[in-house]
Amino acid sequence: MTVAGVSKTYEGDAGPVRALDDVSFEVEDGEFVCIVGPSGCGKTTLFRIIGGLEGATNGDVLLSGEPVTGPSPDLGIVFQEYHLFPWRSVRGNVAFGLEQLGMAAGERRDRVDEMLELVGLGGSGDSYPSRLSGGMKQRVAIARALAVDPELLLMDEPFGSVDAQTRDMLHRELLDVWGETEKTVLFVTHDVEEAVKLADRIVVMTPGPGSVREVVDVELARPRSRTDEAFAAYQEQVLDLIRE
Amino acid sequence: MSIELETELGGEFGDERGLRRFLLGTLGVAGFVALWWVASLFNPSYVLPAPTAVAETFVGELQSGAMTTALVQSITHWLPGTVVGTTLGVALGVTLAWSDLADDVAAPLVRVLRPVPPLALIGFAIAWIGINDGGAAFIIAAGAFWINYYAAYGGVDSVSDEFLDVGRSLGVTSDIGLVRKVVLPAASPEIITGIRTGIGRCWMLIIAAEIFGVPGIGRKILTASNNLAVDVVIAYILLMSLVYLVLDTGVEAVQNRVLAWR
């Protein structure tokens, strides 16, 4: 996936606002990349542009060489607020994209089972979102996005709404899922520790108008421990880049 | 939700709460009837008949078949009027809430037409359709229309953009697809509540709908009231309330079933 010179200007209350300014970086197949930056740096706008939910004013986003022109099942999206369809059960949510693809009922059922096993919700298929905890809801959201076998999994501060313990657990689970599915993951967060814990590379953004300050390679073996010296060093490095 | 809580807190406790409420409710009704009876002792029957007189009249009307006839007559225009008004209201509400273009075109018209009460349409009903079931159905449809329009409009309008984002990113490309698979289910609580309210409102409108000469329960009440047969009036009002109770309970059950996911 390539982000090439993406800029975004939109009409604000007091005139045009430059949200993004010439953002460029690349993501290799199977990589786990985090986008980190302070609030207001435009990372959510960038997230939406990459996901095809918004257009860029200038520049392109290329997925496997093809420009992104709109949302599609190839760009799996997981939001912070889950946005599960409350009128559908867990199975119903995960099956939604598969229905759109025209998959036969039997095949769908198998695929949904597979996805639920993957995220550890094997027994909860018939529950409804109103009965689920935040962590469970996010797992459903991940399963829903992965069910349609996207080329890229985009996540916008997905664990921002859960407590610290659940977040740690979800980190581990996400890394497991990533290992098993070998997906390319683009993960947006403002939490530097989270980024260092998860990412192969970290794209550090400047505050608005957002652009790429630097891309940091995180060369730490997984599983990573935040008490590790090298871990702390990377954290410092990224924080410094943000503060500059 | 509170019913769930009651049963969850243990059978005994749940039964106690429910039993208590039932007894208190019955007490309330009994008290009311007692007051009514006392008041009727001090009033001539054409001002306030005794509860017993009304009960007798009720049974009499029922046995003679007059009640059944009136009920069928009312349903003959209530049902099609409600169905047509509800369908049109929901369809228009959804369309205008979804399409900016349609909304811009129709908004001033909606503004102007909205405050017209169904009763004011009686003239049109008579002139365009006639003093018959069709005319009465027209009035009733008008009653259903606005309630369902606003409920559907509000429901669709408040569907979060993020749901649409998710729908699009999971492969729903067409507008129709989004409306069918995301918007309508998301707006269903508001739409169903609108339908429920509309059904009840339409039933109560039969009096207005029958006022210009269409037979039914409303007509019965109007003629009886003209003849000062207050016992007949009360008896038929009771019938109306009973039917309303059955209708609303039925729709509520459907509502709870369909919206069990909440």
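Residues numbered from 1 in each chain as written. Chains lettered and ligands numbered in written order. Predicted model: local features only at pLDDT ≥ 70, side-chain atom pairs only at ≥ 80, totals over all residues. Heavy atoms only, no water.

Undergrad: What's the story with the overall build of chain A in this structure? I'm lost.
TA: If you tally the helices and strands in chain A, you get seven helices and 10 strands. Its C-alpha atoms give chain A a radius of gyration of 18 Å, near enough to 18 Å, the size a compact globule of 244 residues would have. Along the three orthogonal principal directions, the C-alpha set of chain A runs to about 50 × 45 × 35 Å. Looking at chain A as a whole, 52% of its 244 residues qualify as buried. Summarising the internal contacts of chain A: among those between residues at least 6 apart in sequence, 68% fall at separations of at least 24. Once the 23 positive and 42 negative side-chain charges of chain A are each reduced to a mean point, those two points are 7 Å apart. (Helix = DSSP H or I, 4+ residues; strand = E, 2+ residues; numbered from the N terminus. Rg over C-alpha atoms; globule rule 2.2 N^0.38 Å. Buried < 20%, exposed > 50% of the residue type's maximum accessible area, 1.4 Å probe, protein only. Contact = heavy atoms within 4.5 Å. Lys, Arg positive; Asp, Glu negative; His and termini not counted. Charge placed at Lys NZ, Arg CZ, Asp CG, Glu CD.)

Undergrad: Could you clarify how one ought to interpret the nonpolar core in this entry?
TA: Proteins that are soluble and globular tend to have nonpolar side chains buried together. Of all hydrophobic cores here, the largest spans 109 residues; its most connected members are A:M1, A:F25, A:F32, A:L46, A:I50, A:L186 and A:I202. Ranked by the residues each element gives to this core, the list is headed by helix α9 (residues 175-204) of chain B, at eight residues. For A:F32, the residues in contact, after removing those within four places along its chain, are A:L174, A:L175, A:W178, A:V185, A:F187, A:L198, A:A199, A:D200, A:R201 and A:R222. B:W36, B:F58, B:A209 and B:V230 belong to the second-largest nonpolar core, a separate cluster that totals 35 residues. (Core = buried A, V, L, I, M, F, W, Y, C linked by side-chain atoms within 4.5 Å.)

Undergrad: Help me understand a nonpolar patch on the surface, please; the structure alone is not making it clear to me.
TA: Residues and elements named next belong to chain B. On the surface, W37, V38, L41 and F42 cluster together to form a nonpolar patch covering roughly 460 Å² of accessible area. Turning to its location among the elements, F42 is positioned in the loop between α2 (11-41) and α3 (51-63). F42 sits in the exposed class, given a relative accessible area of 66%. (Patch = residues over 30% accessible without salt bridge, like charges linked within 9 Å, V, L, I, M, F, W, Y side chains within 5 Å. Areas by Shrake-Rupley, 256 points an atom, 1.4 Å probe, with all protein chains shown as cover. Salt bridge = Lys/Arg side-chain N within 4 Å of Asp/Glu carboxyl O.)

Undergrad: Before we go on, may I ask you to explain the sheet that holds strand β1 (residues 2-12) of chain A in this structure?
TA: Through backbone hydrogen bonds, the strands of a sheet pair up, either in parallel or in antiparallel fashion. Residues and elements named next belong to chain A. Spatial strand order, β2-β1-β4-β5: four strands in an open sheet with antiparallel pairing. Each edge of the sheet is formed by a strand with only one pairing partner; in this case those strands are β2 (15-26) and β5 (66-67). Along the sheet, helix α1 (residues 43-50) makes contact with β1, β2 and β4 (58-63), crossing β2 at roughly 65°. (Pairing = 2+ DSSP bridges. Axes fitted to C-alpha atoms, helices over the stretch in contact; angles between N-to-C directions.)

Undergrad: Looking at this structure, how should I read the sheet that holds strand β8 (residues 184-189) of chain A?
TA: Residue and element names in this part refer to chain A. The six strands lie next to each other as β6-β7-β8-β3-β9-β10, forming an open sheet whose pairing is mixed. Of all strands in the sheet, those bounded by a partner on one side alone are β6 (75-78) and β10 (212-217). The mean angle between the axes of side-by-side strands here comes to 20°, regardless of whether they run parallel or antiparallel. As defined by bridge partners, strand β7 (residues 152-156) adjoins β8 across five bridges and the pair is classed as parallel. Within β8, the residue paired with D156 across the bridge is V188. Where helix α4 (residues 134-147) meets the sheet, its contacts fall on β6 and β7, and the angle it forms with β6 comes to roughly 170°.

Undergrad: Could you clarify how one ought to interpret the confidence of the model for chain B in this entry?
TA: Residues shown with low pLDDT carry predicted positions that ought not to be read at fine detail. All names here are of chain B. Here chain B shows a mean pLDDT of 88. Residues at 70 or above account for 95%. Contacts from residues 4-11, a stretch scored under 50 in pLDDT, to residues over four places away or in other chains number five contacts. The complex model carries a pTM of 0.83, and its ipTM stands at 0.87. (pLDDT = per-residue confidence, 0-100.)

Undergrad: Before we go on, may I ask you to explain the interface of chain B and chain A in this structure?
TA: Many analyses report the size of an interface as the accessible area lost when the parts associate. Each partner contributes residues to the interface: chain B has 17 residues there, and chain A has 23 residues. For the pair chain B and chain A, the two sides together bury roughly 1800 Å², of which 68% comes from carbon and sulfur. The three residues of chain B that bury the most area against chain A are B:L170, B:K181 and B:W261, which together make up 36% of that side's buried surface. Across the contact surface, chain B and chain A share two salt bridges. (Buried area = accessible area lost by both parts, 1.4 Å probe.)

Undergrad: How should the pattern of salt bridges be read in this particular structure?
TA: If charged atoms from side chains of opposite charge come close, those side chains can pair. What the rule picks out here adds up to 20 salt bridges over all chains. For A:E99, the salt bridge goes to A:R88, with nearest N and O atoms at 2.8 Å. Remark: A:R88 occurs in the loop between β6 and α2 (90-100) and A:E99 occurs in helix α2; sequence separation between them is 11 residues. For A:D113, the salt bridge goes to A:R91, with nearest N and O atoms at 3.0 Å. One end of the pair, A:D113, is in helix α3 (residues 105-118); the other, A:R91, is in helix α2, and 22 residues separate them in sequence. Beyond isolated ion pairs, a larger network of salt bridges with shared partners links A:K8, A:R48, A:E54, B:D165 and B:R168.

Undergrad: Explain the packing of α2(A) against α3(A) to me, please; I cannot follow it from the model alone.
TA: When two helices pack together, their arrangement is given by the angle between the helix axes and the distance between those axes. All names here are of chain A. It is at 9 Å that the axes of α2 and α3 come closest, and there the two elements cross at 120°. With respect to their mutual orientation, α2 and α3 come out oblique. Here α2 runs over α3; the crossing is right-handed. Contacts from V90, R91, V94, A95, L98 and E99 of α2 reach α3 at R108, R109, R111, V112, D113, M115 and L116. Residues that form the contact of α2 with α3 fall into these classes: seven nonpolar, no polar and six charged. (Parallel < 35°, antiparallel > 145°, perpendicular 65-115°, else oblique. Left-handed = near helix turned anticlockwise from the far one by under 90°. Nonpolar A, V, L, I, M, F, W, Y, C, P; charged D, E, K, R; others polar.)

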